[in-house]
Number of protein chains: 2
Amino acid sequence: MTHRAEPPTGDEPPLLAAARGVEPSRVPVWFMRQAGRSLPEYRRVREGISMLDSCARPDLVTEITLQPVRRYDVDAAIFYSDIMVPLKAIGVDLDIVPGTGPVIASPIRSDADLAQLRDPQPGELDHVAEAVRLLVAELGDVPLIGFCGAPFTLASYLVEGGPSKDYSRTKAMMVGAPELWRELMERLARISAAFLTTQVRAGARLVQVFDSWAGALAPADYRASVQPHTATVLAAVGELGVPRIHFGVGTGELLGDLVAAGADVLGVDWRVPLDEAWRRVGGGVAVQGNLDPALLGAPWPVLAERVREVLRAGGRVPGHIFNLGHGVPPAADPDVLARVVELVHAEGLALREAGAERVADEAAPVR
Amino acid sequence: MTHRAEPPTGDEPPLLAAARGVEPSRVPVWFMRQAGRSLPEYRRVREGISMLDSCARPDLVTEITLQPVRRYDVDAAIFYSDIMVPLKAIGVDLDIVPGTGPVIASPIRSDADLAQLRDPQPGELDHVAEAVRLLVAELGDVPLIGFCGAPFTLASYLVEGGPSKDYSRTKAMMVGAPELWRELMERLARISAAFLTTQVRAGARLVQVFDSWAGALAPADYRASVQPHTATVLAAVGELGVPRIHFGVGTGELLGDLVAAGADVLGVDWRVPLDEAWRRVGGGVAVQGNLDPALLGAPWPVLAERVREVLRAGGRVPGHIFNLGHGVPPAADPDVLARVVELVHAEGLALREAGAERVADEAAPVR
């Protein structure tokens, strides 16, 4: 993907324009986990229904995905699901335990355990496709973002048996049983790719691959044992022509490797300024991010100035999609998120210009 | 502190030589949390005694600190205590809950809450000084490392009320109530400095300041709201002439700022190779680290090669103290740690040379 300085186009959704580095009609904004526990209407419809059950019901998926789009003037919907859903669909015995996260009945520790993992069969992801089709019909011009977990993040849950602080079993397998690891990652790549391409074929116009925990890895290990498998997933949707966002938390040391895996948009957390992240990878991508979600509890004038800083930094990059640096915290106030959206839309383009001008000024003496 | 290429000195403990960038008689090695749950003898003496009670008993502190020194041929003992101990000593109502961590009865959220924090009074840290004196008498030539928590990491527990995933209340106070934040941090800096200087005056020959969670901060926030207060702590022990290690997890974006706070040795986790970390900060310090503790569960030949890699990278830095990139996991096998120590001592100096030669080779065409 090349970035050209084209004039704003009125008819292309801002999200898609920014993703390909074309100046959008307004700065696009959405929030990771915008559909979720921070919304009272979400908590209401989820009452008495487990996470995985809610993901299996196209009517609920549609309702929950639309909730933040109704409430905020966001530039994208993100498919309400979970990275574990395709594993559940092929019969892996797992649950998503409130307050804990994914819990695996029989963690994968040996060749024999791999039998749990096979390619999704025709029909097993039909509820996903159906929900996407319902959504696309409702969403009109607002693009739907499809998503999946990257193989490493999925593997970390499957090998540890649940969430982990240090991923010690996962890393020990990665370096100590490289053939088992490769087979595990190849299977997971095919499963995630199937989940993601199902969403795209049914109408998702952009995708995000979450390698949430890749930041726990040393760069050399990431490149040797993880990146090739994420690349498989990204290539599968690349063939379908939709832009691909690649995101992980704490990946400052891996940014170039995340892009090299095949991303069009680099998702960045709050630890690295957007323009610095862009320079670090050598350009050639759009960026997404990166307001620290912990700052949503700060007084509005302070928060507003942080939003503006992000927009200025984004102005020094050809394409910027405004987002948080990680998911919306459950305790976040939806009214604050609404104000953030308003601010991004009201001041975004002007602040992009101001940010870009500052670069020109700084660069001047060198010329 | 300047680094000179001096010949090995037989009489200076390797830890202290490496800390000031002088070639040691062997590569020094110790492990963060080397005294702790991974040792059966530790679990035995702690039976029925709470963490904070054990820290208040000089006899137990001495026994527990010595346990890994007896078991492994490590080049340092680290004072067995907890970063919350000086807060407990001044009467803050807190507990360290097994499996959870520090829990604060009345979290600090307002000016009034600050009344909990005052300078330690004469006598309140006597049990610390007594334990250090007992230890120094037992340790002979093995240096004792004193330690404390940096103000930010302490503040995160006090403000959140316990461990946190996102530090949202802490960050909201930092940016939203800067005067309250400054007062909190100033008080914590004085408390940590008192804890640390007590250890040094009683005989600790090197110190480590743990800002374990500083990596959660954006660099601009770290510099504006955290670094000056950590600098207060580091300066207080700097006046006493002992080398200072400064360490935090996931601090790849902050390494230069950690050094600028006043460190002689930069503690590095496994995400950044040691020589890269050293280049990034512009040299002028020794480095400590950085084997990924999650790899302790890998097969020995794989683990041994990782240890050698760390030693080679350390060879490209004037002073290297071998350590893990974070604490010893409770499930770690002590026999594996013993083999790591043996390997570091047996091959360390040769691998330092090999690492340094590779740099010379790589640099050759440029000359």
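Basis of the calculations
- Residues numbered from 1 in each chain as written.
- Chains lettered and ligands numbered in written order.
- Predicted model: local features only at pLDDT ≥ 70, side-chain atom pairs only at ≥ 80, totals over all residues.
- Heavy atoms only, no water.
- Helix = DSSP H or I, 4+ residues; strand = E, 2+ residues; numbered from the N terminus.
- Rg over C-alpha atoms; globule rule 2.2 N^0.38 Å.
- Buried < 20%, exposed > 50% of the residue type's maximum accessible area, 1.4 Å probe, protein only.
- Lys, Arg positive; Asp, Glu negative; His and termini not counted.
- Charge placed at Lys NZ, Arg CZ, Asp CG, Glu CD.
- Least-squares fit on C-alpha atoms with pLDDT ≥ 70 in both.
- Contact = heavy atoms within 4.5 Å.
- Core = buried A, V, L, I, M, F, W, Y, C linked by side-chain atoms within 4.5 Å.
- UniProt positions renumbered as here; feature names shortened; annotations may be inferred.
- Polar contact = N/O pair within 3.5 Å; in protein donor to acceptor, adjacent residues only side chain to side chain.

Draft legend 1. Main features of the overall build of chain A. When you go through chain A residue by residue, the secondary structure sums to 15 helices and nine strands. Against the 2.2 N^0.38 benchmark of 21 Å for 367 residues, chain A shows a C-alpha radius of gyration of 20 Å, consistent with a compact globule. For the C-alpha atoms alone, the extent of chain A along its principal axes is close to 65 × 45 × 40 Å. Across the 367 residues of chain A, 60% fall into the buried class. Charge centroids of chain A, computed over 36 positive and 47 negative side chains, lie 2 Å from each other.

Draft legend 2. Examining the relation of the copies chain B and chain A more closely. Note on the identical chains: chain B maps onto chain A by a rotation of 180° and an axial translation of 0.0 Å, with an RMSD of 0.0 Å. Such values leave the two copies arranged in the relation of a two-fold axis. When the interface residues of chain B are mapped onto chain A, 100% of them again fall at the interface, so both copies present the same face.

Draft legend 3. Up close: the nonpolar core. Counting residues in hydrophobic clusters, the biggest one holds 253 residues, and the most contacted among them are A:L117 and B:L117. The residues touching B:L117, leaving out its near neighbours within four places in the chain, are B:L87, B:I90, B:V92, B:I108, B:L158, B:L184, B:R187, B:L188 and B:I191.

Draft legend 4. Examining the UniProt feature "binding site: substrate" (unreviewed entry) in chain A more closely. All names here are of chain A. Mapped onto the present numbering, the UniProt feature "binding site: substrate" (unreviewed entry) falls at R33, Q34, A35, G36, R37, D82, Y157, S212 and H326. Across 294 residues of sequence, these annotated residues are also dispersed in space, with a maximum C-alpha separation of 23.1 Å. Relative to the assigned elements, Q34 resides in the loop between α1 (14–19) and α2 (40–46). Apart from the residues lying within four places of it in its own chain, the contact partners of Q34 are L39, P68, V74, A76, A77, I78 and V328. Note that D82 resides in the loop between β1 (77–78) and α5 (85–89). For D82, a relative accessible area of 15% corresponds to the buried category. Apart from residues lying up to four places away in sequence, D82 is in contact with M51, C55, I96, F147 and F195. Polar contacts involving the side chain of D82 include one to the main-chain amide nitrogen of M84, which spans 2.8 Å.

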